[in-house]
Amino acid sequence: MDMYDLRKAIHYYQTKIQETNDPYYWFFLADAQVRVGLTDEAAHMSSKPIRG
């Protein structure tokens, strides 16, 4: 994936998390953030509690 696609994926996963709060999307959001160099954001996301 190129940078543009990864940015679109980040937006998509953030939207899905707001809609569902499914852990599936949290994982892929953090993965996409790491791939574009947003390691601090990815670490912050992984430390948030998941509410079901």
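These numbers were taken from a predicted model, which means no experiment stands behind them.

K.L.:
Explain the nonpolar core to me, please; I cannot follow it from the model alone.
P.N.:
General note: in soluble globular proteins, nonpolar side chains tend to be found buried as a group. In terms of nonpolar packing, the biggest core is built from 10 residues, these being Leu6, Ala9, Ile10, Tyr13, Ile17, Tyr25, Trp26, Leu29, Ala32 and Val36. Secondary structure elements with two or more residues in this core: helix H1 (3-20) and helix H2 (23-35). Broken down by element, the residue count for this core peaks at 5 residues, all from H1. Ignoring anything within four residues of it in the chain, the contact list for Ile10 reads Leu29, Ala32, Gln33, Val36 and Leu38.

K.L.:
Sorry if this is basic, but what is going on with the packing of aromatic side chains here?
P.N.:
Given two aromatic rings, their pairing is described by the distance between the two centres and the angle made by the two planes. With the rule as written, the count across this model stands at 7 aromatic pairs. With 6.4 Å between their ring centres and 40° between their planes, Tyr13 and Tyr25 make a pair best called tilted. With Tyr13 in helix H1 and Tyr25 in helix H2, the pair connects residues that are 12 residues apart, well separated along the chain. Note on Tyr24 and Tyr25: the rings are 5.1 Å apart at their centroids and 85° apart in plane angle, and the pair reads as edge-to-face. Of the residues examined, Tyr24 reaches a relative accessible area of 48% and is grouped as partly exposed.

Definitions and limits used
Residues numbered from 1 in each chain as written. Predicted model: local features only at pLDDT ≥ 70, side-chain atom pairs only at ≥ 80, totals over all residues. Heavy atoms only, no water. Core = buried A, V, L, I, M, F, W, Y, C linked by side-chain atoms within 4.5 Å. Buried < 20%, exposed > 50% of the residue type's maximum accessible area, 1.4 Å probe, protein only. Helix = DSSP H or I, 4+ residues; strand = E, 2+ residues; numbered from the N terminus. Contact = heavy atoms within 4.5 Å. Phe/Tyr/Trp six-rings, centres within 6.5 Å; stacked < 30°, edge-to-face > 60°.

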